[in-house]
Amino acid sequence: MADAVVFDMDGVLVESEHLWEELWAAYAAERGSRWGPEQTRGVQGMSAPEWAAFLTGFCGRGDPAENTERDVVDGMVQALEDGRIGLLPGARDMVAATAALGPVALASSAPRRVIDAVLVHHGIDHHFRATVSSAEVPRGKPSPDVYLAAARELGVAPERCLAVEDSSNGLRAAAAAGMIVAAIPNPRYPPAEDALAGASFAASDHGAVRDFLLGRLKEKDLEEKEGDRV
């Protein structure tokens, strides 16, 4: 049973993981470096300051990491404005349905500017009682910091939270936080077996994940009703 739900954003709510890779690769190519799948896997889940430092070092040009982050984030915001970051099928209903039963938060590796822009653009920001970026905690995923911070914001113990993730480091972070993890494996960036093993439920269909989340939240409601009758 659970009292709250904490969602990841990229790859769970919106189709955007490929855009981060595209922007990282373009930034590197402009500086004479070749970014590939190995580098993408290595930085997925990192906070913006973390991946910006990695990308800057990878290019070996000595640019300030803050400039690297700004350039890539500007590209993501432009992609959103150009209509290239859409909600995944079933994501809107999944968020709305769970928010009707319990508090909902977001724990994302995306920087604050992208989180706020995406949620407002798609008209789902009102469902979230708390949103936390990995840039606002000491360590990005796979460390549990961002999930623990989201639970604190909700006032709910981590072990009473459901978490929804798609990537290896995200799944590891949610599990390390002690949450009940539901996985929506990203077909383009499939999670590692050890990361997926930490999930209590996995499905590629958002409707199936929604039903899993609602089932755990409804069990809590039924328990409370039974307690009231005693």
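Residues numbered from 1 in each chain as written. Predicted model: local features only at pLDDT ≥ 70, side-chain atom pairs only at ≥ 80, totals over all residues. Heavy atoms only, no water.

Caption draft 1: A look at the overall build of the protein chain. Summing up its helical and strand segments, the protein chain has 10 helices and 6 strands in all. For a compact globule of 230 residues, the expected C-alpha radius of gyration is about 17 Å, and the protein chain comes in at 18 Å, within 12% of that figure. A principal-axis box enclosing the C-alpha atoms of the protein chain has dimensions of 70 × 35 × 30 Å. Counting across all 230 residues of the protein chain, residues that qualify as buried make up 53%. Counting contacts in the protein chain only where the partners sit at least 6 residues apart, residues at least 24 apart contribute 67% of the total. When the accessible surface of the protein chain is split by element, carbon and sulfur atoms take 50% of a total near 10,000 Å². Of the side chains in the protein chain, 22 bear a positive and 36 a negative charge, and the two mean positions are spaced by 1 Å. (Helix = DSSP H or I, 4+ residues; strand = E, 2+ residues; numbered from the N terminus. Rg over C-alpha atoms; globule rule 2.2 N^0.38 Å. Buried < 20%, exposed > 50% of the residue type's maximum accessible area, 1.4 Å probe, protein only. Contact = heavy atoms within 4.5 Å. Areas by Shrake-Rupley, 256 points an atom, 1.4 Å probe, with all protein chains shown as cover. Lys, Arg positive; Asp, Glu negative; His and termini not counted. Charge placed at Lys NZ, Arg CZ, Asp CG, Glu CD.)

Caption draft 2: Representation of the pattern of salt bridges within the structure. All chains considered together, the criterion is met by 14 salt bridges. Here Asp74 and Arg113 are joined by a salt bridge, their closest N and O atoms 2.6 Å apart. Of this pair, Asp74 sits in helix α4 (residues 65-81) while Arg113 sits in helix α6 (residues 112-121); the two residues are 39 residues apart in sequence, bridging distant segments of the chain. The class for Arg113 is partly exposed, based on a relative accessible area of 42%. The structure contains a network of salt bridges with shared partners spanning Asp8, Lys141 and Glu165. (Salt bridge = Lys/Arg side-chain N within 4 Å of Asp/Glu carboxyl O.)

Caption draft 3: Summary view of unusual backbone geometry. Between Lys141 and the following residue, Pro142, the backbone shows a cis peptide bond with an omega angle of 20 degrees. On the secondary structure map, Pro142 appears in the loop between β3 (130-133) and α7 (145-154).

Caption draft 4: The environment of Ala149, seen in detail. The topology assignment puts Ala149 in helix α7. For Ala149, a relative accessible area of 9% corresponds to the buried category. Note: C-alpha distance between Ala149 and Pro187 (38 residues apart in sequence) is 28 Å.

Caption draft 5: View of helix α1 (residues 17-30). Compared with an ideal rise of 1.5 Å per residue, which puts 14 residues at 20 Å, α1 spans 20 Å between its outermost C-alpha atoms and is within 8% of the ideal. All of the buried residues along α1 are Glu17, Leu19, Trp20, Glu21, Trp24, Tyr27 and Ala28. Tucked inside the fold, the buried residues of α1 contact α2 (37-43), α3 (48-59), α4 and α6. (Expected span 1.5 Å × (residues − 1).)

Caption draft 6: Inspection of the packing of aromatic side chains at higher detail. The tally for this structure, following the rule as stated, stands at 9 aromatic pairs. Arranged with centres 6.5 Å apart and planes meeting at 80 degrees, the rings of Phe7 and Phe128 form a pair that is edge-to-face. One end of the pair, Phe7, is in strand β1 (residues 4-7); the other, Phe128, is in the loop between α6 and β3, with 121 residues separating them in the sequence. Comparing Phe7 with Phe128 shows no difference in burial state: the two are buried. Each ring, one from Trp35 and one from Phe54, has its centre 5.9 Å from the other, and the planes form 90 degrees; the classification is edge-to-face. In this pair, Trp35 is assigned in the loop between α1 and α2 and Phe54 in helix α3, connecting sequence segments 19 residues apart. Take Trp35: its relative accessible area is 9%, and that puts it in the buried class. (Phe/Tyr/Trp six-rings, centres within 6.5 Å; stacked < 30°, edge-to-face > 60°.)

Caption draft 7: Broad picture of helix α8 (residues 168-176). Within α8, the full set of buried residues consists of Ser168, Asn169, Gly170, Leu171, Ala173 and Ala174. Tucked inside the fold, the buried residues of α8 contact α2, α7, β4 (161-165), β5 (180-183) and α9 (193-196). Looking one or two residues beyond α8, the residue adopting positive phi is Gly178, at roughly 85 degrees.

Caption draft 8: Quick look at the sheet that holds β3. Read from one edge to the other, the open sheet built from 6 strands follows the order β3-β2-β1-β4-β5-β6, with strand pairing classed as parallel. Each edge of the sheet is formed by a strand with only one pairing partner; in this case those strands are β3 and β6 (201-202). Where β1 and strand β2 (residues 104-108) come together, 3 bridges link them in parallel fashion. Each residue of the ladder has a partner; that of Phe7, found in β2, is Leu106. Helix α5 (residues 91-99) rests against β1 and β2 of the sheet, and its axis sits at about 155 degrees to β1. (Pairing = 2+ DSSP bridges. Axes fitted to C-alpha atoms, helices over the stretch in contact; angles between N-to-C directions.)

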